[in-house]
Amino acid sequence: MPPATSGASEQSSPGALISPSPAATTIGAGAPDLRHLPGSRGLRRTQLALFGAGLATFLLLYSTQALLPALSASLQLTPGQASLTVSAAAIGLALAVIPVSALSERYGRTAVMTASVFTAAAIALVLPFAPDLGTLTALRALQGIALAGLPATAMAYLAEEVHPTALASAMGLYVAGNSIGGMSGRLISGMVAGSYGWRWGLASVAILSLLCAVAFRVLIPKARHFRPGPINPAALLGTVTSHLRNPLLGWLFALGLLFMTVFGAVYTVMGYRLVAAPFGLSQGLASSIFAVYIVGTFASAVSAKVTGRLGRRGTLYLAIGTTSAGLLLTLPNSLPLALLGLVLITAGFFTGHCVASASVGRTATHGRAQASALYLAAYYLGNSLGGTVGADAYHGGGWSAAVLVALAAMALAAGVTLYGTVTSRKRLVVHPA
């Protein structure tokens with residue numbers, strides 16, 4: 001997550017969750033400040049490089065989500081089995097994000113990001129040749145582990161190499177790459193698969209991501225302020241443990257997981273619903289629903305204003321209500337209502353995610369990068385959980401069963417928020433200001 005002072009629009013994507021430590025934004029005494037200034041050539045190269053890196057990351061992370069109906073038809077898979085290709089990458093990223101972020105402290109931000117994006121792109125080139133679900137799922141898990149190096153490291157690089165006066169715009173462009181990559185990866189793979197099959201859909205994303213990786217490596221300026229430090233597993237474990245013992249942080253991690261459970265369930269299963277009766281859309285046309293993802297960018301941009309008026313908990317209640325209303329709208333067999341429901345679900349999800357992720361940075365009193373990494377891990381575990389459970393529910397009971405799973409997650413999120421509200425009021429009574 002970007003620093004708490006950053007605008008909400010900078011949190012419109014999951015890739016923007018790792019905040020640098022305060023020390024990363026300072027220059028040593030007597031050292032010249034060579035950070036990139038607004039309008040400088042170095043800043044433009046940095047922005048374009050990390051835009052490409054963010055684009056590649058989310059092109060690859062969700063590349064199979066739009067292909068699930070095609071995978072099921074080609075490999076004779078249930079929706080739950082096919083969804084493992086999405087869940088495996090999310091789990092790999094979630095498990096690797098903390099150790100990989102630690103590696104960047106020793107070996108450098110640029111080195112870790114370069115290794116991450118090229119390894120993930122190389123795996124992408126192999127994916128179209130996967131003979132069966134087991135191979136495809138294993139490769140996707142490895143790809144998720146490889147991708148962990150970018151969201152875990154990009155924000156620290158920006159904080160170290162970009163002058164504070166240009167940091168917000170640099171982070172904003174990086175997040176824009178995340179959002180566009182998340183949307184375009186689904187759109188491109190789905191549309192190509194509609195005409196040429198799922199293997200060509202994956203191949204198209206692999207080639208595009210490799211081009212983004214090359215652009216990143218060519219454009220990224222040499223780091224001038226990174227100072228390598230030792231990896232201290234004991235200290236890292238201590239910081240992570242202290243965050244996990246913090247009840248408020250735990251509730252925020254839970255909110256990220258629950259909101260992403262809904263998002264993962266809906267976007268994993270909706271493609272199956274649209275290609276089936278009564279809609280009967282083609283694979284390519286069904287994948288076009290992922291254009292709705294862009295709604296999240298606008299929702300994130302206005303979430304700060306909404307939070308200023310309603311407060312964090314009020315905005316969370318609004319996000320939960322909006323998401324739940326969208327889920328209910330998708331129940332009738334009406335394409336316009338389904339699309340409107342997706343718009344509300346997407347807007348509600350991004351609003352809730354922005355509030356929860358921003359609150360992590362404000363709540364953690366130390367080790368903010370590790371706190372944000374834990375939120376990121378919970379977030380992607382929610383994606384995996386929602387995709388798998390939602391797909392199994394759809395296979396067993398149809399769309400209404402998948403909606404029930406998502407509504408249950410929103411009910412739990414409402415309970416978490418209500419608990420936080422009650423606890424906060426009790427503290428005010430015991431310790432009045």
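Structure shown above.
The text that follows walks through the structure, step by step, so that each part is easy to find. (Residues numbered from 1 in each chain as written. Predicted model: local features only at pLDDT ≥ 70, side-chain atom pairs only at ≥ 80, totals over all residues. Heavy atoms only, no water.)

### Here we look at the overall build of the chain
Regarding its fold elements, the chain presents 15 helices and zero strands. Among the 433 residues that make up the chain, the fraction classed as buried is 56%. Within the chain, contacts between residues at least 6 apart in sequence are counted, and of these 82% link residues at least 24 apart. Entry remark: accessible area of the chain is about 16600 Å², with carbon and sulfur atoms responsible for 69%. (Helix = DSSP H or I, 4+ residues; strand = E, 2+ residues; numbered from the N terminus. Buried < 20%, exposed > 50% of the residue type's maximum accessible area, 1.4 Å probe, protein only. Contact = heavy atoms within 4.5 Å. Areas by Shrake-Rupley, 256 points an atom, 1.4 Å probe, with all protein chains shown as cover.)

### Quick word on the environment of Gly92
Along the chain, Gly92 turns up in helix α3 (residues 79-107). Taking the C-alpha atoms as reference, Gly92 lies 8.5 Å from Leu147; in sequence the two are 55 residues apart. Setting aside chain neighbours within four positions, we find Gly92 in contact with Ala141, Gly144 and Ile145.

### Looking at empty space enclosed by the protein
Applying the stated criterion to the full structure yields one cavity of 30 Å³ or more. By volume, the largest cavity is sized at about 40 Å³. If you trace the largest cavity, you find it lined by Ala66, Pro69, Gly271, Val275, Gln283, Ala286, Ser287 and Phe290. Among the secondary structure elements, those contributing two or more residues to the lining of the largest cavity are α10 (247-275) and α11 (283-287). When residues of the lining of the largest cavity are assigned to their parent elements, the largest contribution, three residues, is made by α11. (1 Å grid on protein atoms, 1.4 Å probe; cavity = no way out; pocket = protein on both sides within 12 Å on 5 of 7 lines; lining within 4 Å. Points joined across faces, edges and corners; volume = space filled by probe spheres on them.)

### Here's the deal with the packing of aromatic side chains
In total, this model carries 13 aromatic pairs according to the counting rule given. Taking the centre distance of 4.6 Å and the plane angle of 50 degrees together, the rings of Phe263 and Tyr267 count as tilted. With a gap of four residues between them, Phe263 and Tyr267 both fall in helix α10, about one helical turn apart. Here Phe263 and Tyr267 have matching classes, each one buried. Relative to Tyr379, the ring of Tyr375 lies with its centre 6.2 Å away and its plane at 35 degrees, an arrangement referred to as tilted. (Phe/Tyr/Trp six-rings, centres within 6.5 Å; stacked < 30°, edge-to-face > 60°.)

### Points about the environment of Trp200
Positionally, Trp200 belongs in helix α8 (residues 198-219). Overall, the relative accessible area of 55% leaves Trp200 in the exposed class. Sequence separation of Trp200 and Gly190 is ten residues, and the distance between their C-alpha atoms is 9.8 Å.

### Some thoughts on helix α1 (residues 41-61)
With 21 residues, α1 should cover 30 Å at 1.5 Å per step; its first-to-last C-alpha distance of 30 Å lies within 8% of that length. Within α1, 16 of the 21 residues are buried, which leaves it mostly tucked inside the rest of the structure. (Expected span 1.5 Å × (residues − 1).)

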